[in-house]
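So you can see what is in the structure, the chains are spelled out below.
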Amino acid sequence: MMRGTLIGLRARHEDDVPILHHELYEDVPTRAAADTRPWVPVPAGSDQSPFAVTAPNPDVAFFSIVLLETGELAGEALLWGIDTHNRVAHLGLALRPAFRGRGLGTDTVRVLCEYGFAVRGLRRLQLETLSGNGPMVAAARGAGFVHEGTLRSAAWVYGAVADEVLYGLLAEEWKPA
């Protein structure tokens, strides 16, 4: 497990899947804002669930976020689009509703940076989020990410277009905890 101040990132367990699927996927408006793909109904037990436990993949690293103090499952985190030639990747996270607003997002982004830079040897991490996603923007800035641009009307979110913002962090800018 990789540890931050408040959270740990560990491999996803089978018993995490129904909880993550119910709270993070079946909330359609929230999921529509978190994923660029259209929401479609998928049963929690299906191998098509975005939270299904799969074999390791060189292009993506899935984690479950747990509270260090209690071991409770707080959400999911990932590095995706891992490009080992250019040494870049994207990061993302989603917290269960009961765990939002506690500073876990910034701690999670910091631990994902440690994984990306120290463990995987990447040179750049980036994240994209909706411009109105204040908690993710705050987590990115809190971890040292720099706003690199706004993609106007780039996302279709539950019946309306929205701007996306791009944040990046280079290995030489990263400050380990």
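In this text the structure is predicted, and so the values were computed from the model without any measurement. (Residues numbered from 1 in each chain as written. Predicted model: local features only at pLDDT ≥ 70, side-chain atom pairs only at ≥ 80, totals over all residues. Heavy atoms only, no water.)

*Asks:* Which parts of the structure should I look at to understand the pattern of salt bridges?
*Replies:* Opposite charge on two side chains makes pairing possible when the charged atoms of those side chains draw close. For the coordinates displayed, the defined rule picks out six salt bridges. The closest approach of N and O atoms between arginine 12 and glutamate 76, which form a salt bridge, is 3.1 Å. Taken together, the residues span a long stretch of sequence, with arginine 12 in the loop between β2 (7-10) and α1 (17-25) and glutamate 76 in strand β4 (residues 73-83) at a distance of 64 residues. Take arginine 12 and glutamate 76: they sit in the same class, and that class is buried. Residue arginine 124 is joined to glutamate 148 by a salt bridge in which the shortest nitrogen-to-oxygen separation is 2.5 Å. With arginine 124 in strand β6 (residues 124-130) and glutamate 148 in strand β7 (residues 146-157), this residue pair connects regions lying 24 residues apart in the sequence. Judged by relative accessible area, which is 40%, glutamate 148 ranks as partly exposed. (Salt bridge = Lys/Arg side-chain N within 4 Å of Asp/Glu carboxyl O. Helix = DSSP H or I, 4+ residues; strand = E, 2+ residues; numbered from the N terminus. Buried < 20%, exposed > 50% of the residue type's maximum accessible area, 1.4 Å probe, protein only.)

*Asks:* Just to check I follow, could you spell out α1 for this structure?
*Replies:* Within an α-helix, residues lying three or four positions from one another point in the same direction, as the helix has 3.6 residues per turn. Among the residues making up α1, those that are buried are Val17, Leu20, His21, Leu24 and Tyr25. One side of α1 holds all its buried residues, which, seen down the axis, span an arc of 100 degrees. (Arc of directions from axis to C-beta.)

*Asks:* Looking at this model, I keep getting lost on the side chain of arginine 124. Mind explaining?
*Replies:* Its relative accessible area of 15% is what places arginine 124 among the buried residues. A distance of 2.5 Å separates a polar atom in the side chain of arginine 124 from a polar atom in the side chain of glutamate 148. Once residues within four sequence positions are removed from consideration, arginine 124 is found in contact with Arg87, Val88, Ala89, Phe117, Glu148, Gly168, Leu169 and Leu170. (Polar contact = N/O pair within 3.5 Å; in protein donor to acceptor, adjacent residues only side chain to side chain. Contact = heavy atoms within 4.5 Å.)

*Asks:* So what exactly am I meant to see when it comes to the sheet that holds strand β8 (residues 160-170) here?
*Replies:* Sheet strands pair by backbone hydrogen bonding; their relative direction is either parallel or antiparallel. Here eight strands make up an open sheet; going across it, the order is β1-β2-β3-β4-β5-β6-β8-β7 and the pairing mixed. Two strands close off the open sheet at either side, each with one partner strand: β1 (2-3) and β7. Of the pairings in the sheet, the one linking strand β3 (residues 60-67) to β4 comprises seven bridges and is antiparallel in character. Following the sheet pairing, valine 66 is matched in β4 by leucine 73. Helix α3 (residues 104-119) contacts β1, β2, β3, β4, β5 (88-95), β6 and β8 of the sheet and is inclined by roughly 155 degrees relative to β5. (Pairing = 2+ DSSP bridges. Axes fitted to C-alpha atoms, helices over the stretch in contact; angles between N-to-C directions.)

*Asks:* Hey, could you run me through the pairing of β6 in this one?
*Replies:* Looking down a regular strand, the side chains alternate between one sheet face and the other. Along β6, six of the seven residues are buried, which leaves the element largely enclosed by surrounding structure. Both β5 and β6 contribute to a ladder of three bridges, which runs parallel. Bridge pairing in β6 places alanine 89 opposite leucine 125. Once the chain exits β5 it traverses α3 before rejoining the sheet at β6, and the crossover so formed is right-handed. (Right-handed = clockwise from strand over helix to strand, strands pointing away.)

*Asks:* I tried to follow the packing of aromatic side chains on my own but got confused; where do I start?
*Replies:* When we look at a pair of aromatic rings, we describe it by the centre distance and by the angle of the planes. Applying the stated criterion across every chain, the model contains three aromatic pairs. Aromatic side chains phenylalanine 63 and tyrosine 115 sit 5.1 Å apart centroid to centroid with 80 degrees between the ring planes, which places their arrangement in the edge-to-face category. Highlighted residues: phenylalanine 63 in strand β3 and tyrosine 115 in helix α3, separated in sequence by 52 residues. A single burial state applies to phenylalanine 63 and to tyrosine 115, both of which are buried. (Phe/Tyr/Trp six-rings, centres within 6.5 Å; stacked < 30°, edge-to-face > 60°.)

*Asks:* Explanation requested: the pairing of β2 in the structure shown.
*Replies:* Of the two faces of β2, both are covered, the one formed by Ile7 and Leu9 as well as the one formed by Gly8 and Arg10. Where β1 lies against β2, two bridges are found, and the strand directions are antiparallel. When the bridges of β2 are listed, arginine 3 appears paired with glycine 8. As consecutive antiparallel partners, β1 and β2 are separated by three residues. Looking at chain direction, β2 and β3 are connected through four bridges and run antiparallel. Within β3, the position partnered with glycine 8 by the bridge is valine 66.

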